[in-house]
Amino acid sequence: MSETATRPSSLISTVYGEFVRRLGGWISIADLIALMAELDVDGPAVRSAISRLKKADTLVQERRDGTGYRLGPAMGPVFDEGDRRIFGSLEPARLADGWVLAVFSVPESERAHRHQLRSRLTWLGFGNASPGVWLAPARLLPDARRMLDRLGLAAYVHLFTSDYAGFAELEEAVSTWWDFPAIEAQYAAFTDTYRPVAEELRRYPRLDDVEAFRDYVPMLNAWRRLPYLDPGLPTELLPADWNAVEARRVFVELHGRLAEPSLRHVVEVTGLEPAAP
């Protein structure tokens, strides 16, 4: 029932984010290779992906009983932010809570920062209202502030909170600020792939830990990009048949069924224990 991933480095990041952080933050390369083999990723592909993640400072090599890797020191806030987006923003925002606006101006001599700002605001789920003006539901303000500070981009940006006062119909306006068809295509692909998995799992009152891991990691890896593309706009501004609702339902069901047995499997393979709260 598992789906073979095309990017081992992305799967490894998911394994670190969901499991290794909860088990002390370090895993041996041998145990990581064993876990990745369950996901149909062979040893050479794992080592190649690890090399790329080291160069990006995502992972840092550390010897204990053997050679292993822990997350780079800058990655903790990145994964904490990911947890908030992936697991904490499953309900739509409230229209009454208003908006956060990001207004920026970058000198031509520093246009690389302009591109970085656009790409990171898009990644956070901001929509583009006009050149240099981006907006999102107000609840994204803390994440935007942390991201801009972390990347050294805060000096280029002014952040405001606001309400919409006119003149176009807001429902019509937001459909031009976000690419709804592209977001819906991503949700549809997720649902088409994983709704059959959820339906099949309902037949089994108890799941095999290995099979749970093989299903859960690719599913979580596919899902974790979606809450960034979709800012969780208020329901009244969305199309009536907005397919994120069904995709979220599938994700919540699979997360509830698969997360615990998957963690048991990782503990069994690695011998690591969950870190104290």
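It should be noted that the structure appears before, not after, this text.
Keep in mind it's a predicted model, so treat the numbers as computed, not measured.

(A) How the structure looks around the overall build of the protein. Within the protein one finds eleven helices and seven strands. The C-alpha atoms of the protein give 20 Å as radius of gyration, which agrees with the globular expectation for 277 residues (19 Å, within 12%). Over its C-alpha atoms, taken along the principal directions, the protein stretches across nearly 60 × 50 × 35 Å. The long-range share in the protein, meaning contacts at least 24 apart out of those at least 6 apart in sequence, stands at 78%. In the structure as shown, the protein presents an accessible area of about 14000 Å², 53% of it carried by carbon and sulfur atoms.

(B) Structural context of the packing of aromatic side chains. The tally for this structure, following the rule as stated, stands at twelve aromatic pairs. Taking 5.9 Å as the distance between ring centres and 40 degrees as the angle between the ring planes, the aromatic pair formed by Phe19 and Phe213 counts as tilted. With a gap of 194 residues between them, Phe19 in the loop between α1 (8–18) and β1 (26–28) and Phe213 in helix α9 (residues 209–223) connect regions that are remote in the sequence. The class for Phe19 is buried, based on a relative accessible area of 0%. Each residue in the set Phe87, Phe180, Tyr187, Phe190, Tyr194, Trp223, Trp242 and Phe251 is aromatic and connected to the rest through ring pairs, giving one cluster.

(C) Layout of the sheet that holds strand β2 (residues 59–63). Pairing within the open sheet is antiparallel, and its three strands lie in the order β1-β3-β2. If you trace the sheet from one side to the other, it starts and ends with β1 and β2, each paired once. Direction aside, neighbouring strands of the sheet carry axes that sit 35 degrees apart on average. As defined by bridge partners, β2 adjoins strand β3 (residues 67–71) across five bridges and the pair is classed as antiparallel. Counterpart to Glu62 in the pairing with β3 is Gly68. Contacts between α1 and the sheet are confined to β1, β2 and β3, with β3 contributing the most and set at about 75 degrees to the helix.

(D) Region of the structure containing the side chain of Asp31. Position of Asp31 relative to the elements: it lies in helix α2 (residues 29–37). Summary of buried charges: Asp31 has no salt-bridge partner, and the nearest side chain of opposite charge, Arg64, is 10 Å away. Setting aside its immediate chain neighbours within four residues, Asp31 contacts Val269 and Thr270.

(E) Highlighting the pattern of salt bridges. The full count for this structure, using the stated rule, is 18 salt bridges. One salt bridge in this structure joins Asp97 and Arg94, with 2.7 Å as the shortest N-O distance. The structure contains a network of salt bridges with shared partners spanning Arg195, Arg202, Glu246, Arg249 and Glu253.

(F) Fine view of the packing of α9 against helix α11 (residues 244–270). Put simply, α9 and α11 touch, their axes get as near as 7 Å, and they point 135 degrees apart. Relative to α11, the element α9 is oriented oblique. Here α9 and α11 pass one another in a crossing that is left-handed. Contacts between α9 and α11 pair Asp209, Val210, Ala212, Phe213, Asp215, Tyr216, Met219, Leu220 and Trp223 from the former with Ala247, Arg248, Phe251, Leu254, His255, Leu258, Ala259, Pro261, Ser262, Arg264, His265 and Val266 from the latter. Looking at the contact of α9 with α11, its residues break down into 14 nonpolar, three polar and four charged.

(G) How the structure looks around the layout of surface pockets. Space inside the largest pocket adds up to approximately 770 Å³. In terms of lining, the largest pocket is formed by 27 residues, of which the most central are Ser13, Val78, Phe79, Trp123 and Arg224. Those elements that provide at least two residues to the lining of the largest pocket are α1, α4 (75–88) and α5 (111–124). The element best represented in the lining of the largest pocket is α4, accounting for eight residues. Classifying every residue of the lining of the largest pocket gives ten nonpolar, eight polar and nine charged.

Procedures and definitions
Every chain's residues receive numbers from 1 upward, in the order its sequence appears when written. Confidence filtering applies because this is a predicted model: local features only for residues at pLDDT of at least 70, side-chain atom pairs given and counted only at 80 or more, and all residues used for totals across whole chains, interfaces and linings. Only hydrogens and water are removed before side-chain values are computed, so all heavy atoms of the structure are retained for them. Helix and strand labels come from DSSP, where a helix needs a run of H or I of at least four residues and a strand needs a run of E of at least two; each type is numbered from the N terminus. Our radius of gyration looks at C-alpha atoms and nothing else; its globule reference is 2.2 Å times the residue count to the power 0.38. Contacts: residue pairs with any heavy atoms within 4.5 Å of one another. Residue burial considers only the protein chains on display, and all accessible areas are found by Shrake-Rupley using a 1.4 Å probe. Whether two aromatic rings pair depends on their centres lying within 6.5 Å, for rings of Phe, Tyr and Trp, where Trp uses its six-membered ring; planes under 30 degrees apart make the pair stacked, over 60 edge-to-face, and the rest tilted. Each residue is placed in one exposure class: buried if its accessible area under a 1.4 Å probe, protein chains only, is under 20% of its type's maximum, exposed if it is over 50%, and partly exposed if it falls in between. Here, any two strands with at least 2 DSSP bridges between them count as paired. Every angle, taken between N-to-C directions, lies between 0 and 180 degrees, and every axis is a line fitted to C-alpha atoms, over only the stretch in contact when it is a helix. Neither His nor the chain termini are counted; the positive set is Lys and Arg, and the negative set is Asp and Glu. Here, a salt bridge means any Lys or Arg side-chain nitrogen found within 4 Å of an Asp or Glu carboxyl oxygen. Our angle categories are set so that under 35 degrees counts as roughly parallel, over 145 as roughly antiparallel, 65 to 115 as roughly perpendicular, and the remainder as oblique. Crossings are sorted by hand: turned counterclockwise from the far helix by less than a right angle, the near helix makes the crossing left-handed, and turned clockwise it makes it right-handed. Polar here means any residue other than Ala, Val, Leu, Ile, Met, Phe, Trp, Tyr, Cys and Pro, which are nonpolar, and Asp, Glu, Lys and Arg, which are charged; Gly is therefore polar. A 1.4 Å probe that fits but cannot get out identifies a cavity on a 1 Å grid over protein atoms alone, an open set with protein on both sides within 12 Å along at least five of seven lines counts as a pocket, and a residue lines either if it has an atom within 4 Å of a point. Grid points are joined across faces, edges and corners, and a volume is the space filled by probe spheres set on the points.

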